[in-house]
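An overview of the molecular structure
Below, each chain spelled out in residue letters.
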Amino acid sequence: MAEKMARPVIVVHGGADFTVQIDNKQAIVDGLCKAARRGYEILQSEDSNAVRAVVEAVSVLEDDENFNAGRGSTLNRDGKIQTDAMVMNGKNLKCGGVSAVMNIANPVYLAEQVMEKTNHCLLTAQYANDFAKKVGMETVDMETLMSPRSRRLLESISIAREEGRVNDAKKETVLGKDTGKDTVGAIALDKNGNLACATSTGGLSLALPGRVGDSALPGCGGYADNHFGACSTTGIGEDIMRVNMATRAMYYLEQGQSAQDAAVNSVQYLVDRLKPSDSKGCLAGLIVIDKQGNIGIHCSHDFLCFASIKNGKIQYGINPDEFESTGL
Ligand code: GLY
């Protein structure tokens, strides 16, 4: 007797932010829908494969300069692009990640290679770049990864340096206000009932060189386990790492919570435990699916842009509470 097939589901996000004030809403929504469609196409194919679907969906967002990942990555304090990414296979719990890599256009492909071709879970910095060469991955000039936003930031950094402000730990001193969105990610359920997640980021603007965020780390930037579900997170990596937010979402699913409750309660746990003193508070959000393909999306603030495809219907928005739906 043929095995029962699951109905494929994909959810992608383009990052959380403190504010919904953006001037490129349409471009963001278009990019997210394109990524979701790319992943869904793979899920619908004969070789329905959740890992390939999330990797390809994230690569679409990495290629889009409207997002802080791959080609649109923000800059560290040295004015350099340094990226983190991870992928995880919920069938066998294999995962791969790269952190603080430079000159790679699609860090998610490199993370996938770490998962598929090594016995390790994470390679870092120059060593990850050496591995990229070994597997034949092209190295690109950093210039080609810079978006207009990053170029403006580079200018601000050099002005701040001239004015002696560059050592100030607060990025607001250099930026005025943060204009970059945080991180991209995807989660999927394929026809065979397998789950996967992938996450990729240019990290926090003006971070110290060598800083590694949550997005490279299983249990923080994402997690996938066929027994429970999958998730991908976004927000301030330091906060997310402190509570292992992706693991927390899995724990809530294991306890029998719905995907939406797991998302809401994971963010609430972070906020309750970290008790932010800053007026802006913590920034954390995530997308979740359970093993039946039910979706949860939540963020500590109003901005968490996303798109999902389920039962041939696409939903998208820049705020999880206000979204639009259309046919595919
Ligand atoms: N969430 C991305 C980062 O903090 O690096």
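Residues numbered from 1 in each chain as written. Predicted model: local features only at pLDDT ≥ 70, side-chain atom pairs only at ≥ 80, totals over all residues. Heavy atoms only, no water.

As for the site of the ligand
The ligand sits among Asp182, Thr183, Thr201, Gly203, Leu204, Arg211, Gly213, Asp214, Ser215, Gly235, Ile236 and Gly237. Asp182 is positioned such that a nitrogen or oxygen atom in its side chain is 3.3 Å from a nitrogen atom of the ligand. Measuring from an oxygen atom of the ligand, one finds a backbone N or O atom of Gly237 at 2.8 Å. Coverage of the ligand by the protein chains reaches 100% of its 200 Å² of free accessible surface. Of the residues contributing to the shell around the ligand, the split by class is 2 nonpolar, 7 polar and 3 charged. (Near = heavy atom within 4 Å. Polar contact = N/O pair within 3.5 Å; in protein donor to acceptor, adjacent residues only side chain to side chain. Areas by Shrake-Rupley, 256 points an atom, 1.4 Å probe, with all protein chains shown as cover. Nonpolar A, V, L, I, M, F, W, Y, C, P; charged D, E, K, R; others polar.)

A closer look at the packing of helix α8 (residues 245–254) against helix α9 (residues 259–274)
At a closest axis distance of 9 Å, the pairing of α8 and α9 adopts a crossing angle of 135 degrees. One finds that α8 runs oblique with respect to α9. For the pair α8 and α9, the crossing hand works out as right-handed. Residues Met245, Arg248, Ala249, Tyr252 and Leu253 of α8 form the contact with α9, whose own contacting residues are Ala259, Ala262, Asn265, Ser266, Val267, Tyr269 and Leu270. (Axes fitted to C-alpha atoms, helices over the stretch in contact; angles between N-to-C directions. Helix = DSSP H or I, 4+ residues; strand = E, 2+ residues; numbered from the N terminus. Parallel < 35°, antiparallel > 145°, perpendicular 65-115°, else oblique. Left-handed = near helix turned anticlockwise from the far one by under 90°. Contact = heavy atoms within 4.5 Å.)

Observations regarding the pattern of salt bridges
If you walk through the whole model with that rule in mind, you get 6 salt bridges. The salt bridge partner of Arg38 is Glu41, with a shortest N-O separation of 2.8 Å. Linking Arg38 with Glu41, this pair stays in helix α1 (residues 25–44), spanning 3 residues, or about one helical turn. On the accessibility criterion, Glu41 (49% relative accessible area) is partly exposed. Here Arg52 and Glu112 are joined by a salt bridge, their closest N and O atoms 3.1 Å apart. Here the residue Arg52 occupies a position in helix α2 (residues 50–62), and Glu112 occupies one in helix α3 (residues 107–117), the gap between them amounting to 60 residues. Judged by its relative accessible area of 28%, Arg52 is partly exposed. (Salt bridge = Lys/Arg side-chain N within 4 Å of Asp/Glu carboxyl O. Buried < 20%, exposed > 50% of the residue type's maximum accessible area, 1.4 Å probe, protein only.)

Brief notes about the sheet that holds strand β8 (residues 229–235)
The 4 strands are arranged β7-β8-β9-β10 in an open sheet whose pairing can be described as antiparallel. Across the chains shown, the open sheet's two edge strands, defined by having one partner strand only, are β7 (222–225) and β10 (295–299). Within the sheet, the average angular offset between the axes of one strand and its neighbour, ignoring direction, is 5 degrees. Where α9 meets the sheet, its contacts fall on β9 (284–290) and β10, and the angle it forms with β10 comes to roughly 25 degrees. (Pairing = 2+ DSSP bridges.)

So, the sheet that holds strand β2 (residues 83–89)
Strand pairing in a sheet relies on backbone hydrogen bonds, with the paired strands running either antiparallel or parallel. Strand order in the open sheet made by the 9 strands is β4-β3-β2-β6-β5-β1-β11-β12-β13, with mixed pairing throughout. Across the chains shown, the open sheet's two edge strands, defined by having one partner strand only, are β4 (122–124) and β13 (322–327). Neighbour-to-neighbour, the strand axes of this sheet turn through a mean angle of 10 degrees, independent of strand direction. Across 5 bridges, the pairing between strand β1 (residues 9–17) and strand β5 (residues 184–189) is antiparallel. If you follow Val11 over to β5, its bridge partner there is Ile187. Set on the sheet, α3 makes contact with β2, β3 (94–101), β4 and β6 (195–201); between it and β3 the angle comes to about 135 degrees. Contacting β3 and β4, helix α4 (residues 125–134) runs over the sheet at an angle of about 105 degrees to β4.

Notes on the nonpolar core
Counting residues in each nonpolar core, the largest one holds 49 residues, and the members touching the most others are Ile10, Val12, Leu32, Val54, Val87 and Leu110. Those residues in contact with Ile10, other than ones at most four positions away along the chain, are Ala36, Gly39, Tyr40, Leu43, Ala53, Ala57, Ile187, Ala188, Ala307, Ser308 and Ile309. (Core = buried A, V, L, I, M, F, W, Y, C linked by side-chain atoms within 4.5 Å.)

Focus: helix α5 (residues 148–162)
Each full turn of the α-helix corresponds to 3.6 residues, which orients residues three or four apart in the same direction. For α5, which comprises 15 residues, the first-to-last C-alpha distance of 21 Å matches the rise-based estimate of 21 Å (1.5 Å per residue) to within 8%. Buried residues of α5: Arg149, Ser150, Leu153, Ile157 and Ala160, and no others. Each buried residue of α5 lies within a common arc of 90 degrees when the element is viewed along its axis, so the set occupies one face. For α5, the exposed residues lying more than 90 degrees away from the buried face are Arg152, Glu155 and Glu162. Looking one or two residues beyond α5, the residue adopting positive phi is Gly164, at roughly 75 degrees. (Expected span 1.5 Å × (residues − 1). Arc of directions from axis to C-beta.)

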